[in-house]
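# Architecture at a glance
As a plain string of letters, each chain reads:
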Amino acid sequence: MRELLIYIILYILPAATLFYMAIDVFRQNKRSTAHILLSAYVFCYGLLFFSEFLRHMTDLSYSPILVTYLFGNAGLLILAFSLHFVFKVTRIGDKLPRFLYPWVFYLPVVPILLTFLFQNNYTNSSEFTKVGLFIYPEFNASYLTTITAGNIIHLGIILLLVYVHKKIQAPLQKRTMKTLIVIASLVLVWDAIFGYVQIRGVLPAYPYIFGGMIWAVSLSLAMKKFDFLASYDRRYSMLYNLNPSTILLLDEYCRIESTNPATAKLFRKNKMVGKKLEDYIAAPHRRETMDFLQSVFESGGKFTSLETVIKAANGKERHVLMDGDFLIVDQNVYLMLIIRDIQVRKEAEQRAQFMAYHDALTKLPNRIAFYEKANETMEKKVPFALLIFDLDGFKGINDTYGHQVGDEFLIHVSRVLESILSPHGMIARVGGDEFYGYIRKGGLDVHEFLSDLGDEVDSRPFEHLGSDIPIRYSLGISYFPEDHTHLEALITQADHAMYEHKKRGRKSQKQLP
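First, a word on scope: everything that follows refers to the structure included in this document. Note that this is a predicted model, so its numbers are computed, not measured. (Residues numbered from 1 in each chain as written. Predicted model: local features only at pLDDT ≥ 70, side-chain atom pairs only at ≥ 80, totals over all residues. Heavy atoms only, no water.)

## A closer look at the overall build of the chain
Stated precisely, the cut-off is as follows: Helix and strand definitions follow DSSP, with helices as H or I runs of at least four residues and strands as E runs of at least two, each counted in order from the N terminus. Throughout, radius of gyration means the C-alpha value; the globule benchmark is 2.2 Å times the number of residues raised to the power 0.38. Partly exposed residues are those whose accessible area sits between 20% and 50% of the maximum for their type, while under 20% is buried and over 50% is exposed, using a 1.4 Å probe and protein chains only. Residue contacts are defined here by distance: any two heavy atoms, one from each residue, within 4.5 Å place the two residues in contact. Per-residue and other accessible areas follow the Shrake-Rupley method at a 1.4 Å probe size, with only the shown protein chains counted as cover for residues. When charges are counted, Lys and Arg are positive and Asp and Glu negative, with His and the chain ends excluded. All charge positions are set by atom: Lys at NZ, Arg at CZ, Asp at CG, Glu at CD.
A count of helices and strands for the chain gives 16 helices and 13 strands. A globule of 513 residues ought to have a C-alpha radius of gyration of about 24 Å, yet the chain, at 42 Å, is considerably larger. Overall, the chain is about 130 × 50 × 45 Å in size when its C-alpha atoms are taken along their principal axes. Residues classed as buried in the chain amount to 47% of the 513 residues present. Considering only residue pairs separated by 6 or more positions, the chain has 63% of its internal contacts joining residues 24 or more positions apart. Total accessible area on the chain stands at roughly 26,100 Å², and carbon and sulfur atoms take up 59% of it. Each charge sign in the chain was given a centre, from 55 positive and 51 negative side chains, and these centres are 9 Å apart.

So this is what it looks like as structure tokens:
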């Protein structure tokens, strides 16, 4: 009973673990060659442990048969599957001639066929001795040749992983390769020691298979951790089909590898696979956006809330937010972009921003905007004349024609003043019938300009039902920096001047009809 418990712990538990992991890897993606190879590789390691359990549970005379037909052949298949798997996941196999890849990796199958054909053991010992609980093989030329060839190939795989680690740029792949190199190196040291040394009566027979088990388990866990064998259907089918946000997969050249159904709605285009993302970024934002994404590919870091503007197939531009992170699908690194349409929010923000600095009725800048612009101009030491317009007779217009006509009159006055003043400064509505403005002097004859302004305003009355309603105003002026260097003081002086003007009246003023 004690022996059975020991054999179960040493052989059945590892075999069961490896069989389970083999099935789990295979179920992740049944169509992936890499998944199939890794699953077969892990399964064969499970056969090694199961073979050892059978060997120790049967008579000593059965050991040569079990080693020849089960243990030895499983070991040769492990060699073939491991080589094919490594060349597959590192993509080095793509560079090999088609007549060699992957058939060259299955040369170890030849001894298996010869074993069954000639009923002879070519790769392992045929003599065994039981010492204590364990049955040990006698070292011979076949065994030593096989273990040495396996270690040499194992060293070659490590060197291959080191080569690939130096070539790849993506941080996710580099971390994966580094993990595999460390584990493979430790296993090689284990195999090099216990493949040639037997500590009979203390360690089990073939102790190197325990190092191989660590390698197989670590390989499976590393693949899962770093998403090295990600199953496309399992990971993305629900995400792609149900997510209302646009999802794109980009390769290292920012070409679109895949899109989800929501993409067509945002971009107004169905066929985008194979196209470059930059073709769909609005021109003013294209270079900044693509430079950022290229830097992300180089650093390998994820990002959130990259704001940019896309251009849909119908020519319309929309503001979007992009979140991105990296993943590996079938040994290729992709940047997954989740794109959220924020056009409605952006338009609301722009409206709010506009209303914060503009008059709701006339759409002219408001008092806040005027103060900011005037102060900026003063900070730049640009001389200007500050103007305050106060409409005369506006109350009479409201009383005579109604407030709707009064509003239309204000809008008309705003367009007139804006067309005249904007090329030289700005105009803002700061109250019911009061406007602030300024004109940069810069060689401009202010008095001549204001005289022309009066003539222009007189020539553009407001038309209502066939009647002309003239624009009458009182004007106050102050000068920066001659009069004051503070805005409030300039406004106060111009306001006083405007009231003086209102008392005197304006020669060109016309009576209301």
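Structure's up, so let's keep going.
## Concerning the nonpolar core
Let me state the cut-off plainly: Nonpolar cores were defined as sets of buried Ala, Val, Leu, Ile, Met, Phe, Trp, Tyr and Cys residues, with membership established by side-chain atoms within 4.5 Å.
Residues L18, Y41, V42, F49, F85, Y206 and I209 are the most contacted members of the largest nonpolar core, which totals 62 residues. Broken down by secondary-structure element, the contributors of at least two residues to this core are α1 (2-28), α2 (33-57), α3 (63-89), β2 (134-137), α5 (141-167), α6 (171-194) and α7 (208-225). In this view, I209 contacts Y45, L48, F49, E52 and F71; residues no more than four positions away in its chain are not counted. Counting residues in each nonpolar core, the second largest holds 29 residues, with A385, L417, F449 and I471 among its members.

## A short note on the environment of L47
Note on placement: L47 falls in helix α2. C-alpha separation for the pair L47 and A74, spaced 27 residues apart in sequence, amounts to 6.5 Å. Excluding residues that lie within four positions of it along the chain, L47 makes contacts with F19 and A74.

## Here we look at the packing of helix α13 (residues 394-401) against helix α14 (residues 403-421)
In plain terms, the rule: Interaxial angle, 0 to 180 degrees, is taken between N-to-C directions of lines fitted to C-alpha atoms, where a helix line uses only the stretch in contact. What sets the label is the angle itself: under 35 degrees gives roughly parallel, over 145 gives roughly antiparallel, 65 to 115 gives roughly perpendicular, and the rest give oblique. Under this grouping Gly is polar, as are all residues other than the nonpolar Ala, Val, Leu, Ile, Met, Phe, Trp, Tyr, Cys and Pro and the charged Asp, Glu, Lys and Arg.
One can describe the packing of α13 onto α14 by two numbers: an axis separation of 7 Å at closest approach and a directional angle of 140°. In terms of their interaxial angle, α13 and α14 are classed as oblique. Residues F394, I397, N398 and Y401 of α13 form the contact with α14, whose participating residues are H403, V405, G406, F409 and L410. Across the contact of α13 with α14, the residue classes break down as six nonpolar, three polar and no charged.

## Comments concerning the sheet that holds strand β13 (residues 473-480)
The test is simple: When DSSP finds two or more bridges between two strands, those strands count as paired.
Ordered in space as β9-β10-β8-β13, the four strands form an open sheet in which the pairing is antiparallel. Across the chains shown, the open sheet's two edge strands, defined by having one partner strand only, are β9 (425-429) and β13. If you compare each strand with its neighbour and ignore which way they point, the axes differ by 15° on average. Examined bridge by bridge, β9 and strand β10 (residues 434-440) share five bridges and lie antiparallel to one another. By the bridge assignment for β10, I427 is matched with G437. The strands touched by helix α16 (residues 487-504) are β8 (384-391), β10 and β13; relative to β13, the strand with the most contacts, the crossing angle is about 145°.

## What about the packing of aromatic side chains?
Quick note on the threshold: By convention, a stacked pair of Phe, Tyr or Trp rings (six-membered ring in the case of Trp) has centres within 6.5 Å and planes under 30 degrees apart, an edge-to-face pair has planes over 60 apart, and any other such pair is tilted.
What the rule picks out here adds up to 25 aromatic pairs. Taken together, a centroid distance of 6.2 Å and an interplanar angle of 75° make the contact between F81 and Y106 edge-to-face. Placement of F81 in helix α3 and of Y106 in the loop between α3 and α4 (109-118) is noted, with a sequence separation of 25 residues between them. With a relative accessible area of 15%, F81 lands in the buried category.

## Focus on helix α10 (residues 283-299)
Under the convention used in this document: Here a helix's expected span is defined as the number of its residues, less one, multiplied by 1.5 Å.
Between its first and last C-alpha atoms α10 spans 25 Å; for 17 residues at 1.5 Å apiece the expected length is 24 Å, and the two agree. Just downstream of α10, G300 is the residue with a positive phi angle, here 75°.

## Considering the pairing of strand β1 (residues 128-131)
With four bridges connecting them, β1 and β2 associate as antiparallel partners. Across the sheet, the residue bridging to V131 is F134, located in β2. As consecutive antiparallel partners, β1 and β2 are separated by two residues, and within that stretch G132 has a phi angle of approximately 65°, a positive value.

## Observations regarding a nonpolar patch on the surface
Counted only if it meets this: Surface patches are defined over residues having more than 30% relative accessible area and no salt bridge, joining like charges when they lie within 9 Å and nonpolar side chains (Val, Leu, Ile, Met, Phe, Trp, Tyr) when within 5 Å. Criterion for a salt bridge: a side-chain nitrogen of Lys or Arg within 4 Å of a carboxyl oxygen of Asp or Glu.
A grouping of F99, L100, V104, L107, V110, L114, L117, F118 and Y122 is seen on the molecular surface, where their side chains present a nonpolar patch of about 860 Å² in accessible area. Turning to its location among the elements, L114 is positioned in helix α4. A residue is classified by how much of its surface remains accessible, and L114, at 31% relative accessible area, is partly exposed.

## Regarding the pattern of salt bridges
Per the counting criterion, the structure on display carries 16 salt bridges. Across the pair E52 and R55 runs a salt bridge whose closest N-O atoms are separated by 2.7 Å. Placement of both E52 and R55 in helix α2 is noted, with a separation of three residues, approximately one turn of the helix. Across this residue pair, the class does not change: E52 and R55 are buried. Close ionic contact of D291 with R287 constitutes a salt bridge, the shortest N to O distance being 3.2 Å. With D291 and R287 both in helix α10, this residue pair falls four residues apart, about one helical turn. Residue classification places D291 among the partly exposed positions, given a relative accessible area of 42%. Salt bridges sharing partners connect three or more residues here, namely D390, D392 and K502.

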